[in-house]
Amino acid sequence: MNKPNIFKYATKELSQDAFIYWLLDHANPEYESVNQGVKEVAYKLLKKFFELESIPFPEKINDLKLSKQHKNIDILCRINNKFTIIIEDKTGTSSHGNQLIRYKELIVDEFNEDKVLAIYFKTHDQSNYTKEEEDGFKVFTRSNLLEVFNTQNEIGSEIFNDFRQYIQEIEDEVNAFVHKEDNKWNHKNWIGFFKYLKKELNRGNWGYVPNQNGGFMGYWWAFQKNEYCWQYLQIQQETLVLKISSHKPESYTEFRKICYQHYLNKARGENLSFEKPARFGKGETMTVLTTNYLVRNDKTGLINIEETLEILKKYTKFIETYALSDKDFTK
């Protein structure tokens, strides 16, 4: 049934904190007679946290204490006065500085425990989780959450059902790039496409790139480095560009000229459609060549995902094969 959903309006992290807190509190033995379906999901969510940390789940929860913003931690969960779970909850933002390391150290010191469960709870997408994992947190993604949610079919709770629907709609929109024309792709559709590319190319990162023209969703990969500059590929939504980032700003125009002529000649030899950009920019990071890369189905107008991927693999091999070395800048 189509109806207003409170979580479409309450989109801030504090609203999500409140839902997580509300859900986990159903596992509290103090509330034995509450909604059993929600209670079952709460247990399964906690069990998933323990699985991520490779810690056996308690046979029984005799005591559960929750707190919000304890030492600035979004949610802290204590189970049986023995296990402590730090939950750092994020929607569209990511962690910053050493906050995660600090949180973990504070709780280890406070409860004198060697092993604290540290969960990075992320319902929107992030290009990579390298920093969070290096900081000692286990990543719990939207797909992990839906997996837990979908173990229960019907639950008699409007709060739970609204949140599950809200999260499912985010997932569906991210994956909708496969059946929408690219000129109708929104921010989430581009994220879904870039997630697909990252999985298939096994490299790269993506994100929003602001500029004076309104910005774009970008994906960058195939970095080649020498003493003078980085050379790499970047998708700027419908356009693929070859870029350089100079380590020596005083010589960036000279490096751009060398790279432009080199890659243009090699592209013609490989029958690739790289062209000179409409205009050369100025600065440490510059576009050298540009092309269209999306392959569309003539009948449907939809992107042929597999053929587009093969095109990008060709350009990846191209820059890896013909990347300029130090000596090419010193002739």
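In what follows, the accompanying structure is described. What you see is a predicted model, and the numbers here were worked out from it, not measured in a lab. Going along each chain's sequence as written, the residues are numbered from 1 onward. Only residues with pLDDT of 70 or above have their local features reported here, since the model is predicted, and side-chain atom pairs are shown and tallied only from 80 upward, although totals for entire chains, interfaces and linings are computed over all residues. With hydrogens and water excluded, all non-hydrogen atoms of the structure serve as input to the side-chain values.

### So, the overall build of the protein
When helices and strands are tallied, the protein shows 9 helices and 10 strands. If you line up the protein on its principal axes, its C-alpha atoms span 75 × 50 × 35 Å. Burial here depends on accessible area, computed with a 1.4 Å probe over protein chains only, as a share of the maximum for the residue type. Under 20% is buried, over 50% is exposed, and the range in between is partly exposed. When each of the 331 residues of the protein is scored for burial, the buried share is 48%. Pairs at least 24 apart in sequence give 54% of the contacts found in the protein among residues at least 6 apart. Per-residue and other accessible areas follow the Shrake-Rupley method at a 1.4 Å probe size, with only the shown protein chains counted as cover for residues. For the protein, the exposed area adds up to about 17200 Å²; of that, 46% sits on carbon and sulfur atoms. Strands are runs of DSSP state E lasting at least 2 residues, helices are runs of H or I lasting at least 4, and numbering of each runs from the N terminus. We call two residues contacting when some pair of their heavy atoms lies within 4.5 Å.

### What about the packing of aromatic side chains?
Each pair of aromatic rings taken from Phe, Tyr and Trp, with Trp reduced to its six-membered ring, is defined by centres within 6.5 Å and is described as stacked if the planes are under 30 degrees apart, edge-to-face if over 60, and tilted in the remaining cases. What the rule picks out here adds up to 32 aromatic pairs. An angle of 70 degrees between the planes, with centres 6.0 Å apart, marks the rings of W190 and F193 as edge-to-face. On the criterion of helical spacing, the pair formed by W190 and F193 is a turn pair, its members being 3 residues apart in helix 7 (residues 187–201). Assessed through its relative accessible area of 2%, W190 is described here as buried. Residues Y219 and W221 carry aromatic rings whose centres are separated by 5.3 Å and whose planes lie at 45 degrees to one another, so their mutual orientation is tilted. Here the aromatic cluster, defined as three or more aromatic residues joined through ring pairs, consists of F177, W185, W190, F193, F194, Y196, Y219 and W221. Across the ring face of Y21, the terminal group of K68 is positioned such that the distance to the ring centre comes to 5.2 Å. Geometrically, a lysine NZ or arginine CZ counts as sitting over a ring once it is within 6 Å of the ring centre and also within 35 degrees of the ring normal. Seen from the ring of F111, R78 lies directly overhead, with NZ or CZ sitting 4.1 Å from the centre.

### A word on the nonpolar core
Residues grouped as a nonpolar core are buried Ala, Val, Leu, Ile, Met, Phe, Trp, Tyr and Cys residues, joined through side-chain atoms within 4.5 Å. L46, I85 and F193 are the most contacted members of the largest nonpolar core, which totals 80 residues. A per-element tally of this core places helix 2 (residues 36–52) first, with 7 residues. If near-sequence neighbours (up to four positions away) are discounted, F193 is found in contact with F177, W185, Y293, L294, I305 and T308. Listed in part, the 12 residues of the second largest apolar core include I73, Y103, A118 and Y120.

### Comments concerning the side chain of N226
Here N226 lies in the loop between strand 7 (216–225) and strand 8 (229–236). In terms of polar contacts, N226 uses its side chain to reach the backbone amide nitrogen of Y228, at 2.6 Å. Two N or O atoms form a polar contact when they lie within 3.5 Å of each other; inside protein one atom must be a possible hydrogen donor and the other a possible acceptor, and for residues adjacent in sequence the pair counts only when both atoms belong to side chains. Within the structure, N226 has its side chain in polar contact with the backbone nitrogen of C229 (distance 2.8 Å). Those residues in contact with N226 that sit more than four places away from it in its chain are Q231, H247, L324, S325, D326 and F329.

### Side note on the sheet that holds strand 6 (residues 205–209)
In spatial order, the strands read 6-7-8-9-10; together these 5 strands make up an open sheet with antiparallel pairing. Strands with a single pairing partner mark the edges of an open sheet, and in this sheet they are strand 6 and strand 10 (285–292). The mean angle between the axes of side-by-side strands here comes to 30 degrees, regardless of whether they run parallel or antiparallel. Direction of pairing for strand 8 relative to strand 9 (residues 239–246): antiparallel, over a ladder of 8 bridges. In the sheet register, L233 faces strand 9, and the bridge partner there is L242. Of the strands in this sheet, strand 8, strand 9 and strand 10 are in contact with helix 8 (residues 252–269), which crosses strand 10 at around 25 degrees. Should DSSP find at least two bridges between two strands, the strands are taken to pair. Think of each axis as a best-fit line through the C-alpha atoms, taken over the contacting stretch in the case of a helix, with angles from 0 to 180 degrees between the N-to-C directions.

### Structural notes on the layout of surface pockets
Any empty space left between the atoms is revealed when a probe the size of a water molecule rolls over them. As a volume, the largest pocket reaches approximately 550 Å³. The rule is simple: put a 1 Å grid over the protein atoms alone, call a set of points where a 1.4 Å probe fits but cannot get out a cavity, call an open set with protein on both sides within 12 Å along at least five of seven lines a pocket, and count a residue as lining if it has an atom within 4 Å of a point. Lining the largest pocket are 20 residues, and of these N213, Q236, K243, R279 and T287 sit closest to its centre. Put simply, the parts of the chain that give the lining of the largest pocket at least two residues each are strand 8, strand 9 and strand 10. Per-element tally for the lining of the largest pocket: the top contributor is strand 10, with 4 residues. A class-by-class count of the residues in the lining of the largest pocket yields 8 nonpolar, 10 polar and 2 charged. Grid points are joined across faces, edges and corners, and a volume is the space filled by probe spheres set on the points. In this classification, the charged set is Asp, Glu, Lys and Arg, the nonpolar set is Ala, Val, Leu, Ile, Met, Phe, Trp, Tyr, Cys and Pro, and all remaining amino acids, among them Gly, are polar.

### Here we look at the pairing of strand 3 (residues 83–90)
Buried residues dominate strand 3, accounting for 8 of its 8 residues. Here strand 3 shows two buried faces, one formed by F83, I85, I87 and D89 and the other by T84, I86, E88 and K90. Alignment of strand 2 (residues 73–79) against strand 3, held across 5 bridges, turns out to be antiparallel. Residue pairing across strands places R78 opposite T84, the latter belonging to strand 3. Remark: 3 residues form the turn of the hairpin made by strand 2 and strand 3, two consecutive strands paired antiparallel; N80 in that turn has positive phi of roughly 55 degrees. Both strand 3 and strand 4 (residues 117–122) contribute to a ladder of 6 bridges, which runs parallel. Note that in strand 4 the partner of I85 across the bridge is L117. For a crossover, the right-handed case is the one in which the path from the first strand over the helix to the second runs clockwise, viewed with the strands pointing away from the viewer. In terms of handedness, the path from strand 3 via helix 3 (residues 99–111) over to strand 4 forms a crossover that is right-handed.

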